[in-house]
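Each chain is listed here by its residues.
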Number of protein chains: 2
Amino acid sequence: MASGFETEDDDDRGLISDRIRNALTDEIAAGTLAAGAALDEQQLADRFGASRTPVREALRQLAAGGLVELRARRGGVVARMTPERIMDMFETVAEIEAVCVRLATYRMTPLERSRLIELHELSRPIAESGDVDAYDNFNRQFHETIYHATHNGFLAEQAIAIRNRLNAFRRTQLRQGERLSRSRDEHEAIMQAIAEGDGEMASRRMRAHMLNAATSLSRFIEANKPA
Amino acid sequence: MASGFETEDDDDRGLISDRIRNALTDEIAAGTLAAGAALDEQQLADRFGASRTPVREALRQLAAGGLVELRARRGGVVARMTPERIMDMFETVAEIEAVCVRLATYRMTPLERSRLIELHELSRPIAESGDVDAYDNFNRQFHETIYHATHNGFLAEQAIAIRNRLNAFRRTQLRQGERLSRSRDEHEAIMQAIAEGDGEMASRRMRAHMLNAATSLSRFIEANKPA
DNA sequence: GACCTGTTTCTTGTATGCAAATTAGTCCTG
DNA sequence: CAGGACTAATTTGCATACAAGAAACAGGTC
C-alpha cells in the first residue's frame with residue numbers, strides 16, 4: 001500500500017530464484033503441488049527453464065517458511081500437514097491475533113481507528129453480496145490494519161508470516177456462504193470492544209472469532225478427507 | 001534428547017553449508033560480526049575453505065531467519081537492529097510467552113507439572129551461586145518446558161524460533177548479578193499462579209517477567225551505545 | 001522363499017566459470 | 001571546484017560440471 005512502485009506484484013522481472021519461489025508458493029497454496037509431493041530439483045529446473053541453482057535457493061527459502069520440508073541429501077517434499085498441526089497453527093494465529101487486537105486497542109491512532117471503522121463499514125455490502133473472494137480480500141486488509149495498529153513492526157511481520165503460511169494450506173475452499181455474515185458479526189463485536197477501549201474484551205472476541213473460523217475449516221477437512 | 005546419535009551437536013561433519021550457517025550464527029550472536037557488517041561471499045568462502053555455493057545457501061537461510069539482510073545483487077549485511085526493533089521483538093516474545101503459560105496452565109499433564117516444579121527448585125542454588133551461564137541454561141529449559149506443555153507443537157516451535165532470534169542479538173552481556181535473583185522470584189510467582197490453575201494470572205506475570213528482562217537489556221543498550 | 005549384501009543408478013551437495021549489474025573511480029564539462 | 005557521465009573493477013546471479021551419498025535393484029546365500 002505505502003510502497004506503490006511495482007506495476008503488479010513481482011513476477012516475470014527480477015531474480016529467477018524469486019520467480020520460482022513465488023510460483024511454487026502459489027502452486028502449493030492452490031494445491032497443484034499436493035502435500036507430500038516430492039520436489040525434484042532437476043525436474044523443477046527444466047519446468048522453469050532454469051538451472052538447479054536458483055531452484056535450490058527457492059527451495060531453501062520455502063523450507064525456511066515452513067512450506068517445504070528438506071532432509072539432507074534426500075531432497076524436499078511439500079510439507080505434509082496433519083489435521084492436528086493445522087489446528088495448532090490456527091490456534092497460534094488466533095492467540096497472536098488476540099494479542100494484536102489488545103495492543104492495537106490501546107495504541108491505535110485516531111486515524112487508524114477511523115480507517116478500521118471505514119473498512120468495517122465497507123464490508124457490509126460485501127458480506128451481503130456473498131462475494132467470497134472480495135470478502136477474503138477485505139478480511140485480510142481488516143486484520144493487517146489491526147496488526148499495524150499495534151505499532152509493533154516485528155509482531156506485525158510475524159502475524160502476517162504465520163497467516164500467509166496458513167493461507168498456503170487452506171486450498172481453495174472454506175467457502176460456506178453463511179460463514180461470511182457470521183464473520184462480519186464477529187468483526188462487529190470486536191469493533192465495539194475496540195470502540196469502548198476494552199482491549200481484553202476485544203482480545204477474547206478476536207480469539208473466539210479465529211477459533212470459529214478454525215472450527216469451520218476443521219469440519220470441512222473432516223468432511224473431505226476420509227483417510 | 002530423543003535422538004542421541006551425534007557425539008556433539010553438529011559441527012565439522014555433514015553439510016558444509018550447515019557448518020557455515022552455524023558458524024556465522026555463532027559469530028553474529030557473539031558480536032564477532034558486527035551489525036551492519038558486509039558479508040562478501042567470496043571472502044567467506046575463502047575463510048571457510050569452501051566455494052561460494054554453500055556460502056550463498058547459508059546466507060539465504062540466515063536471511064530467512066532474520067539474522068542477515070539480503071538485497072538483490074547488492075549482497076548481504078548482518079541485520080542492523082535498532083533499539084526500537086529489539087524492544088518490539090522483546091514485547092512479541094513476552095506476549096507469546098504469556099500465551100504459552102496460559103495454555104500450559106490449563107493443559108499440562110501432572111508429569112509436566114512435576115517436571116516444571118523440579119526445574120524451578122533446581123534453579124534456587126544456581127541463582128544463589130550467581131553462575132550466569134548455568135542460570136541461562138536453566139532458564140531456557142524452564143521456558144521451553146512451558147512451550148511444550150501447551151501441547152501445541154507449532155506454537156512451541158514459533159516461541160523457540162523467536163527466542164533464538166533474539167538470543168543471537170543480545171551479545172554476551174545482560175549479566176547483571178541482581179537480575180538473577182529477581183528473575184527467579186518472578187518465576188516463583190508464575191509457578192504459584194500455575195499451581196493455582198490460574199492461567200490468566202500466570203499469563204500476566206509472565207508478561208511482566210519478560211518485560212522486566214527487556215527493560216534490563218534496554219538499559220544496557222542505552223548505556224553502551226552512545227550513538 | 002526371505003534376507004542380506006554388493007553394485008548400479010539417481011539425486012543431492014559442491015566447485016568452477018561466465019554474464020549481468022552495481023559500485024567506485026576517473027575524466028570531462030559547466 | 002562541483003557535478004555528471006563514462007569506464008573499469010568488483011560482486012552477485014546463474015549455468016554447467018563433478019563428486020559423494022542414498023535409494024533401488026539384482027544376485028547370492030541361509
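Residues numbered from 1 in each chain as written. Chains lettered and ligands numbered in written order. Predicted model: local features only at pLDDT ≥ 70, side-chain atom pairs only at ≥ 80, totals over all residues. Heavy atoms only, no water.

K.L.:
Help me understand the packing of aromatic side chains in this model?
P.N.:
Given two aromatic rings, their pairing is described by the distance between the two centres and the angle made by the two planes. Enumeration over the complete set of coordinates arrives at 4 aromatic pairs over all chains. Arranged with centres 5.7 Å apart and planes meeting at 45°, the rings of F138(B) and F142(B) form a pair that is tilted. A residue pair is termed a helical-turn pair when its members lie 3 or 4 positions apart in one helix, as F138(B) and F142(B) do in helix α6 (residues 132–149) at 4 residues. With relative accessibility at 3%, the residue F138(B) sits in the buried group. Here the aromatic residues Y135(A), F138(A) and F142(A) are joined through ring pairs into a cluster of three or more. (Phe/Tyr/Trp six-rings, centres within 6.5 Å; stacked < 30°, edge-to-face > 60°. Helix = DSSP H or I, 4+ residues; strand = E, 2+ residues; numbered from the N terminus. Buried < 20%, exposed > 50% of the residue type's maximum accessible area, 1.4 Å probe, protein only.)

K.L.:
Which parts of the structure should I look at to understand the protein's contact with DNA strand D?
P.N.:
Lining the immediate environment of DNA strand D, one finds 18 residues, of which I16(A), S51(A), R74(A), R56(B) and R73(B) sit closest. In the interface set of DNA strand D, defined as its atoms within 4 Å of the protein, sugar plus phosphate atoms amount to 76%. At a separation of 3.4 Å, a sugar or linking oxygen of DNA strand D approaches a polar side-chain atom of D40(B). In the environment of DNA strand D, a base nitrogen lies 2.9 Å from a nitrogen or oxygen atom belonging to the side chain of R52(B). Broken down by secondary-structure element, the contributors of at least two residues to the surface near DNA strand D are α1 (16–30) and α3 (52–65) of chain A together with α3 (52–65) of chain B. Residue contributions to the surface near DNA strand D peak at 3 residues, all from α3(B). Broken down by class, the residue content of the surface near DNA strand D amounts to 6 nonpolar, 4 polar and 8 charged. (Near = heavy atom within 4 Å. Polar contact = N/O pair within 3.5 Å; in protein donor to acceptor, adjacent residues only side chain to side chain. Nonpolar A, V, L, I, M, F, W, Y, C, P; charged D, E, K, R; others polar.)

K.L.:
Just to check I follow, could you spell out the sheet that holds strand β3 (residues 75–78) of chain B for this structure?
P.N.:
Note on sheets: strands pair through backbone hydrogen bonds, and any given pair is parallel or antiparallel. Taken together, the 3 strands give an open sheet; going across it, the order is β1-β3-β2 (chain B), and neighbouring strands pair in antiparallel fashion. Where the open sheet ends on each side, the last strands, each with one partner, are β1 (38–39) and β2 (68–71) of chain B. (Pairing = 2+ DSSP bridges.)

K.L.:
Explain the sheet that holds strand β3 (residues 75–78) of chain A to me, please; I cannot follow it from the model alone.
P.N.:
Residues and elements named next belong to chain A. Across the sheet, 3 strands lie side by side as β1-β3-β2; this open sheet has antiparallel pairing. With partners counted over all chains shown, the strands left at the sheet margins are β1 (38–39) and β2 (68–71), one partner each. In the sheet, β1 pairs with β3 via 2 bridges, with the strands oriented antiparallel. Looking at β3, one finds that A38 is bridged to V77.

K.L.:
Even after reading the chapter, I still don't get helix α6 (residues 132–149) of chain A, so can you show me in this structure?
P.N.:
An α-helix turns once every 3.6 residues. As a result, residues three or four positions apart point the same way. All names here are of chain A. Compared with an ideal rise of 1.5 Å per residue, which puts 18 residues at 26 Å, α6 spans 25 Å between its outermost C-alpha atoms and is within 8% of the ideal. Buried within α6 are the following residues: V132, Y135, F138, N139, F142, H143, E144, T145, I146, Y147 and A149. The opening residue of α6 is D131, an N-cap whose side-chain oxygen sits 3.2 Å from the backbone nitrogen of D133. H151 sits one or two positions beyond α6 and adopts a positive phi of about 55°. (Expected span 1.5 Å × (residues − 1).)

K.L.:
Could you clarify how one ought to interpret the side chain of T105(B) in this entry?
P.N.:
Along the polypeptide, T105(B) turns up in helix α4 (residues 83–107). Once you skip the residues sitting within four places of it in the chain, T105(B) turns out to touch R113(B), I194(B), G197(B), D198(B), G199(B) and A202(B). (Contact = heavy atoms within 4.5 Å.)

K.L.:
What is the right way to look at the pairing of β3(A) in this model?
P.N.:
Along a regular strand, successive side chains alternate from one face of the sheet to the other. Where burial is concerned, the two faces of β3(A) differ: the one with G76(A) and V78(A) is buried and the one with G75(A) and V77(A) is not. What sits between the antiparallel neighbours β2(A) and β3(A) is a turn of 3 residues, in which R73(A) has the positive phi angle 60°.

K.L.:
Looking at this structure, how should I read the interface of chain A and chain B?
P.N.:
A common way to state how big an interface is: give the accessible area lost once the parts meet. With 28 residues of chain A at the contact, the number on the chain B side is 28 residues. In total, about 2700 Å² of surface goes out of reach between chain A and chain B, with carbon and sulfur atoms giving 49% of it. Of all residues in chain A, E57(A), R60(A) and F154(A) bury the most surface against chain B, accounting for 23% of the area lost on that side. Taken together, the connections running from chain A to chain B amount to 10 salt bridges. Residues E57(B) and R60(A) are paired through a salt bridge, measuring 3.2 Å at the closest nitrogen-oxygen approach. Linking chain A to chain B there are 16 residue pairs in polar contact (both at pLDDT 80 or more). Secondary structure elements with two or more residues in the side of chain A that touches chain B: α3, α4 (83–107) and α7 (153–167) of chain A. With 10 residues, the top contributor of residues to the side of chain A that touches chain B is α4(A). (Buried area = accessible area lost by both parts, 1.4 Å probe. Salt bridge = Lys/Arg side-chain N within 4 Å of Asp/Glu carboxyl O.)

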